[in-house]
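Now for the letters of each chain:
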Amino acid sequence: MFVRKKKNKSGTISVQIIFKQRGKYRVAKTIGSSKDPERIELLMSRANEYLRHPDEQPPLFSTLSETDIIIKNFVENTSNPQIRTVGPETIFGTLFDRIGFNAVPVELFRHIVIARLAYPTSKLKTVDYLYRYRGLSVDVSKVYRFLDTLNRAYKEKVERIAYEYTKKTLGNISVVFYDMTTLYFEAEDEDDLRKIGFSKDGKFQCPQIMIGLLVGEGGYPIGYDIFEGNTFEGHTLIPTLEKIQKKYGFDRPVVVADAGLLSKDNIEKLIAQAYEFILGARIKNEKDAVKTKILELAKDMKDGDSFSLEKTDGTRLIVTFSDKRARKDRYNREKGLKRLKKNIKSGKLTKQHINNRGYNKFLVLEGEVEVKIDEMKMKYDEVWDGLKGYVTNTTLEPAKIVEHYGHLWQIEKAFRISKSDLRIRPIFHRVKRRIEAHICIAFVAYAIYKELERLLVLYKIEMSPKRAAELTHTMYEMEYVLPHSKRTERTKLKNDAEQQT
């Protein structure tokens, strides 16, 4: 059986149920007739309902209103292609425009960045995302060609947009934080950029590149630089500072970096170029006379106390004491010693397994194989519990130095966001220009992520940016055709309570 619309001489349209019997079509039931298009669509809905549930007729019509039938028929005929995920574009697209990245006149740039925020994955799977969730059919080769265009024509522009956004947000860039990390490749071959080196990801067998990142207070992005994978970490600070400051011309800020960047060469160059700095110090590596002086002054220190020592190069060594750090140092040492004692007792720790790293420094070898803990070294290590050093050429008070250095966690957070939430690694590209474009896209995505984070805090919404990104996955829009006018309409489905916040 099927439904037929028959035009009558009177000008009305009859809606009929037709069946075939002995080779001829016959009318099984006439649902009704009308000249009104909307009434005819209702009759069609009734007819289709009749075909789906012939055994339930006529009770079905006596229990469902005309509105019920229309809605039921509409829902049953709605298909998946009519529903699109619009949350990522609604949220991240708005922030993309607000920051100013829409100055890049290529729509594909927008889609790739938003995909990196909503569904961070490979470029090949990004194409699948664009088709399934945005209804856009994009060939992956077009994406790769755009990466070439981005690196050549727009990279510096979008980096400047990110910098201007940070400058506007902070008002003044007086303190910057620097750190570097490694990004590995799922490949074995090295080239001029991808080199095997010391990996912070633990992927020592994979070629890698190094990223030097500069952020302002709060972790807002300022700029970055890319280095060969086997570059020494200490050699990345000065080139990155010089490149970014030359590009944007802002006043020399106070540079804050961890002890990994502490070297005589870096200090000399920072002083020569009139930079003020705060660097993490390795107080246990100081000369014996300095260490003796530190321990002498630290004897009666209480939580929050500090002192300053002038160094021969014109810098100051600030030493502080913290009860919290002392508890952490003690806990870590006891945990390491417990593991050592267990390995010694089991016989698993032999001369061949020993190095001088970590808590193995408390071990001493006697004879060929006997291993025991050096109690003197352990006691000496205890006196350093809770002490932390900083090297600076500023005139800031110790409390302000500690405060600035304490904000280094923001850049560590930036790397964590990039590596986990934005999945910047591993990198599957091998061509240098596309590697650089990939890093640029991640940098743009991070700037948008930070703006989302700022707004959540500003409006006191107790939600992480990661959770907000997850909620965009279930924000939908439906497309449908009006039966009378045949006009295509789109409407956003209502958000749930958490999404409305």
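For the structure itself, look to the data block above.
Residues numbered from 1 in each chain as written. Predicted model: local features only at pLDDT ≥ 70, side-chain atom pairs only at ≥ 80, totals over all residues. Heavy atoms only, no water.

Caption draft 1: Representation of the overall build of the protein within the structure. The number of helices and strands found in the protein is 17 helices and 16 strands. Partitioning the contacts of the protein with sequence separation of at least 6, the portion at a separation of at least 24 is 59%. Accessible surface computed for the protein: about 27,700 Å², of which carbon and sulfur atoms make up 49%. (Helix = DSSP H or I, 4+ residues; strand = E, 2+ residues; numbered from the N terminus. Contact = heavy atoms within 4.5 Å. Areas by Shrake-Rupley, 256 points an atom, 1.4 Å probe, with all protein chains shown as cover.)

Caption draft 2: Main features of the pattern of salt bridges. Enumeration over the complete set of coordinates arrives at 23 salt bridges. Across the pair Asp148 and Arg434 runs a salt bridge, and its minimum N-O distance is 3.0 Å. In this pair, Asp148 is assigned in helix H7 (residues 140-170) and Arg434 in helix H15 (residues 432-458), connecting sequence segments 286 residues apart. Of the two residues examined, Asp148 and Arg434, each falls in the buried class. (Salt bridge = Lys/Arg side-chain N within 4 Å of Asp/Glu carboxyl O. Buried < 20%, exposed > 50% of the residue type's maximum accessible area, 1.4 Å probe, protein only.)

Caption draft 3: Summary view of the side chain of Asp148. On the basis of relative accessible area, Asp148 is assigned to the buried category, the value being 15%. A polar contact of 2.8 Å, which involves the side chain of Asp148, links it to the side chain of Arg433. Once residues within four sequence positions are removed from consideration, Asp148 is found in contact with Arg433 and Arg434. (Polar contact = N/O pair within 3.5 Å; in protein donor to acceptor, adjacent residues only side chain to side chain.)

Caption draft 4: A nonpolar patch on the surface, seen in detail. A surface patch of nonpolar side chains, about 270 Å² in accessible area, is lined by Ile71, Phe74 and Val75. Note that Val75 resides in helix H3 (residues 66-76). (Patch = residues over 30% accessible without salt bridge, like charges linked within 9 Å, V, L, I, M, F, W, Y side chains within 5 Å.)

Caption draft 5: Broad picture of the nonpolar core. If you look at the biggest cluster of nonpolar residues, it comprises 66 residues, and the most contacted ones within it are Phe92, Phe101, Phe109, Val113, Tyr224, Val256 and Ile448. If we ignore the near neighbours within four places in the chain, the residues touching Tyr224 are Lys155, Glu159, Ile211, Gly212, Leu213, Lys243, Ile244, Glu436, Ile439, Cys440 and Phe443. (Core = buried A, V, L, I, M, F, W, Y, C linked by side-chain atoms within 4.5 Å.)

Caption draft 6: Fine view of the sheet that holds strand E3 (residues 24-34). Spatial strand order, E1-E2-E3: three strands in an open sheet with antiparallel pairing. Unpaired on one side and paired on the other, strand E1 (2-7) and E3 mark the two borders of the sheet. Averaged over all pairs of adjacent strands, the angle between their axes in this sheet comes to 35°, without regard to strand direction. Across six bridges, E1 lies against strand E2 (residues 13-21) in antiparallel orientation. The partner of Val3 across the bridge, within E2, is Ile17. Sheet contacts for helix H1 (residues 37-52): E1, E2 and E3; angle to E3, the most-contacted strand, approximately 135°. (Pairing = 2+ DSSP bridges. Axes fitted to C-alpha atoms, helices over the stretch in contact; angles between N-to-C directions.)

Caption draft 7: Local environment of the side chain of Lys155. You can see Lys155 is positioned in helix H7. According to the relative accessible area criterion, Lys155 is buried, its value standing at 15%. If near-sequence neighbours (up to four positions away) are discounted, Lys155 is found in contact with Leu150, Tyr224, Glu436 and Cys440.

Caption draft 8: Representation of the environment of Leu482 in the model. Among the secondary structure elements, Leu482 is positioned in the loop between strand E15 (476-481) and strand E16 (488-492). Beyond its immediate stretch of four places on either side in the chain, Leu482 contacts Arg487 and Glu489.

Caption draft 9: Structural detail: helix H10 (residues 288-298). Regarding H10, the residues found buried are Lys291, Ile294 and Ala298. Looking straight down H10, one finds its buried side chains confined to an arc of 60°; they lie on one side. Turned more than 90 degrees from where H10 packs its buried face, Asp288, Ala289 and Thr292 sit exposed. The secondary structure elements touched by the buried residues of H10 are strand E10 (306-310), strand E11 (316-321), helix H12 (375-382) and strand E14 (387-392). (Arc of directions from axis to C-beta.)

Caption draft 10: Structural context of the packing of aromatic side chains. Applying the stated criterion across every chain, the model contains 10 aromatic pairs. Seen in terms of ring centroids, Tyr163 and Tyr248 are 4.1 Å apart; in terms of plane orientation they differ by 5°. Their pairing is stacked. One end of the pair, Tyr163, is in helix H7; the other, Tyr248, is in helix H8 (residues 237-248), and 85 residues separate them in sequence. Using a relative accessible area of 2% as the deciding quantity, one classes Tyr163 as buried. Counting every residue linked through ring pairs, the aromatic cluster contains Phe96, Phe101, Phe109 and Phe146. Lying across the ring of Tyr275, Arg252 places its NZ or CZ 5.0 Å from the centre. Directly above the ring of Tyr220 sits Lys450, whose terminal nitrogen or CZ lies 5.2 Å from the centroid. (Phe/Tyr/Trp six-rings, centres within 6.5 Å; stacked < 30°, edge-to-face > 60°. Lys NZ or Arg CZ within 6 Å of the ring centre and 35° of its normal.)

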